[in-house]
Amino acid sequence: MDMAQNQRTKPNMLITGTPGTGKTTMSSALAEATGLRRIQVGELVKQKNLHHGWDEELECHVIDEDLVCDEMEDMMESGGNIVDYHGCDFFPERWFDRVVVLQTDNTILYDRLSKRGYTGSKLSNNIECEIFQMLLEEAKESYPHDIVVAMRSDTIDDITRNVEVLKDWVNGWSSGPPTDDNMISC
């Protein structure tokens, strides 16, 4: 743990996963349950124009990772943040005390993304990302294994259980980083 993490009184957490795994639902519920600030990176990118334009094929903004990190730096140093984003490898390792990768059954994910209007390569790319657990691998390559956890996110019950487990983890933070009895470290 580096010096900045030692100085924080509240932890920083990244909630990541393929689009449609429940990041926004879970991070919103967790922020409400813990009082931590929720940072939805996609919205921040749009609000502050932290991008290089629009990708027509993937139907999304091409974010400027350096601008995003510059914008978030002070917030992250102070601690007490839940960051909601579908990627994780460009954020500085020192920012996070816990990295949660949400995972969803492919059939459920397909239905969720189809309902959102995902089609063609946007749909198939995201389903393949989940099948091959690309975000879990990205998280394990980018952060210490002891802070990376995978959590199931197929149902509302899963999300409710995840929020409770993570709330307990956050509440245990005041006495230093808590143990992970209820989570699967990767």
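In this text, all values refer to a predicted model and were calculated from it rather than measured experimentally.

**Q** How do you make sense of empty space enclosed by the protein when you look at a structure like this?
**A** A probe matching the size of a water molecule, rolled over the atoms, marks out where space remains unfilled. By the definition in use, this model includes one cavity of 30 Å³ or more. The wall of the largest cavity is formed by Thr-18, Val-101, Leu-102, Gln-103, Cys-129, Glu-130, Gln-133, Met-134, Leu-135 and Leu-136. Listed by contribution, the elements that provide at least two residues to the lining of the largest cavity are strand S6 (98–103), helix H6 (120–131) and helix H7 (134–142).

**Q** Looking at this structure, I do not really get the environment of Arg-8. What am I missing?
**A** If you trace the backbone, Arg-8 turns up in the loop between helix H1 (3–7) and strand S1 (12–16). You can call Arg-8 buried: its relative accessible area is 6%. Taking the C-alpha atoms as reference, Arg-8 lies 8.0 Å from Gly-80; in sequence the two are 72 residues apart. Beyond its immediate stretch of four places on either side in the chain, Arg-8 contacts Met-76, Glu-77, Ser-78, Gly-79, Arg-94, Trp-95, Phe-96, Asp-97 and Trp-173. Within the structure, the side chain of Arg-8 is placed 3.5 Å from the backbone oxygen of Arg-94, a separation counted as a polar contact. Of note is the side chain of Arg-8, whose polar atom sits 2.9 Å from the side chain of Asp-97.

**Q** Sorry, what's going on with a nonpolar patch on the surface here?
**A** Together, Ile-131, Phe-132 and Met-134 make up a nonpolar patch on the protein surface, roughly 330 Å² of accessible area in all. Topologically, Met-134 is positioned in helix H7.

**Q** In this structure, what is going on with a negative patch on the surface? I would like to understand it.
**A** A cluster of like negative charges, contributed by Glu-65, Asp-66, Asp-70, Asp-89 and Glu-141, occupies part of the molecular surface. Here Glu-141 is to be found in helix H7. Residue classification places Glu-141 among the exposed positions, given a relative accessible area of 68%.

**Q** Looking at this model, I keep getting lost on the pattern of salt bridges. Mind explaining?
**A** Applying the stated rule across the entire model yields nine salt bridges. Residue Arg-38 pairs with Asp-84 through a salt bridge whose shortest N-O separation is 3.5 Å. One end of the pair, Arg-38, is in strand S2 (residues 37–40); the other, Asp-84, is in strand S5 (residues 81–84), and 46 residues separate them in sequence. On the accessibility criterion, Arg-38 (28% relative accessible area) is partly exposed. One salt bridge in this structure joins Glu-137 and Lys-140, with 3.4 Å as the shortest N-O distance. In this pair, Glu-137 and Lys-140 both sit in helix H7, three residues apart, roughly one turn of the helix. For Lys-140, a relative accessible area of 23% puts it in the partly exposed group.

About the cut-offs
Residues numbered from 1 in each chain as written. Predicted model: local features only at pLDDT ≥ 70, side-chain atom pairs only at ≥ 80, totals over all residues. Heavy atoms only, no water. 1 Å grid on protein atoms, 1.4 Å probe; cavity = no way out; pocket = protein on both sides within 12 Å on 5 of 7 lines; lining within 4 Å. Points joined across faces, edges and corners; volume = space filled by probe spheres on them. Helix = DSSP H or I, 4+ residues; strand = E, 2+ residues; numbered from the N terminus. Buried < 20%, exposed > 50% of the residue type's maximum accessible area, 1.4 Å probe, protein only. Contact = heavy atoms within 4.5 Å. Polar contact = N/O pair within 3.5 Å; in protein donor to acceptor, adjacent residues only side chain to side chain. Patch = residues over 30% accessible without salt bridge, like charges linked within 9 Å, V, L, I, M, F, W, Y side chains within 5 Å. Areas by Shrake-Rupley, 256 points an atom, 1.4 Å probe, with all protein chains shown as cover. Salt bridge = Lys/Arg side-chain N within 4 Å of Asp/Glu carboxyl O. Lys, Arg positive; Asp, Glu negative; His and termini not counted. Charge placed at Lys NZ, Arg CZ, Asp CG, Glu CD.

Without other data, these values stay purely geometric and don't point to any function.
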